[in-house]
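One letter stands for each residue in the lines below.
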Amino acid sequence: MIAGNWKMNGVGASLGEAYMIAGGLGDTTARVAICPPATLVQRLAEVLADSAVLVGGQDCRPEASGAFTGDVSAEQLADAGARLVVLGHSERRAGYGETDELVAHKVEAALRAGLEPIICVGETLEQRRGGQALAVVTGQVRGSLPDALKGKAFCVAYEPVWAIGTGLTPTTPEIEEVHRAIRETLVAMFGEAGRGVAILYGGSVKASNAAEILKADEVGGALVGGASLKAADFLGIIQAA
Ligand code: 13P
């Protein structure tokens, strides 16, 4: 899975990039997704209707509807054409105080609406320097993944907070250490089914480092921010997969 998270970027004029991405997939075997801002989900789903590229949301509220000004529900994302939703991104955990418990409720909402969740986890630089990276990340996996995921399709994305948008990336052994710990946690939680869950890496992935990251042990794809905004950059990553 190579998923692009456009974050709060993109207007109608950006649909052309998505159109070029869809047209440039070539013979890739990767699943490809673009998660645009909520304002573009429906239009992007229409542009990509005849392509293999999936559309996803970037967040949802646990409730299906109601008096929640400014929020979007999983059902609304699905209705607009989304098939996936990114949940628990560190920008939401840090900026909106999202807890593991809230993320788990959002995951349940996504499943209720038939969306495949991409659940994000990752440690801060302070936590890594304190030797807590594995404990933090596996704790987030345990707390953010509800039992309702049993038997369902989902991905986990490991995004070290200090690698997002910074140009810094962990070394391959550092990525592998965390991904192996996530895998062990998934197997402890979901049994053998936990082996089939794709664990994506995210944080400063670009065409020039994608091949090395994607061939690392237990890396099943990438969640890409900045480098998913331009077709040429994103296609370079897809081609490396
Ligand atoms: P960058 O690829 O811009 O570092 O962002 C990663 C990310 O947060 C994807 O969700």
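Since the structure is predicted, the reported quantities are computational estimates derived from the model, not experimental observations. (Residues numbered from 1 in each chain as written. Predicted model: local features only at pLDDT ≥ 70, side-chain atom pairs only at ≥ 80, totals over all residues. Heavy atoms only, no water.)

Student: Which parts of the structure should I look at to understand the state of the cysteines?
Tutor: Linking two cysteines covalently through their sulfur atoms gives a disulfide. Taken as a whole and judged by the stated rule, the model has zero disulfides. In this model cysteine 35 remains outside any disulfide bridge; the closest cysteine sulfur is found in cysteine 120, 9.1 Å from its own. The thiol of cysteine 60 is not disulfide-bonded; the next cysteine sulfur, from cysteine 35, is found 12 Å away. (Disulfide = S-S within 2.5 Å.)

Student: So what exactly am I meant to see when it comes to unusual backbone geometry here?
Tutor: For residues that are not glycine, phi is negative in most cases, and the peptide bond is trans in most cases. Here the phi dihedral of serine 204 falls at roughly 60 degrees; this positive angle occurs in a residue that is not glycine. As for its position among the elements, serine 204 is in the loop between strand 7 (198-202) and helix 9 (207-214). Residue serine 204 is classed as buried on the basis of its relative accessible area of 16%. (Helix = DSSP H or I, 4+ residues; strand = E, 2+ residues; numbered from the N terminus. Buried < 20%, exposed > 50% of the residue type's maximum accessible area, 1.4 Å probe, protein only.)

Student: Looking at this structure, I do not really get helix 7 (residues 133-144). What am I missing?
Tutor: The terminal C-alpha atoms of helix 7 lie 16 Å apart, and with 12 residues this matches the ideal 16 Å at 1.5 Å per residue to within 8%. Looking at helix 7, one finds that the buried residues are Ala133, Val136, Val137, Thr138, Gln140, Val141 and Ser144. The inward-facing, buried residues of helix 7 contact helix 4 (90-95), helix 5 (100-112), strand 5 (116-121), helix 6 (125-129), strand 6 (155-158) and helix 8 (172-190). (Expected span 1.5 Å × (residues − 1). Contact = heavy atoms within 4.5 Å.)

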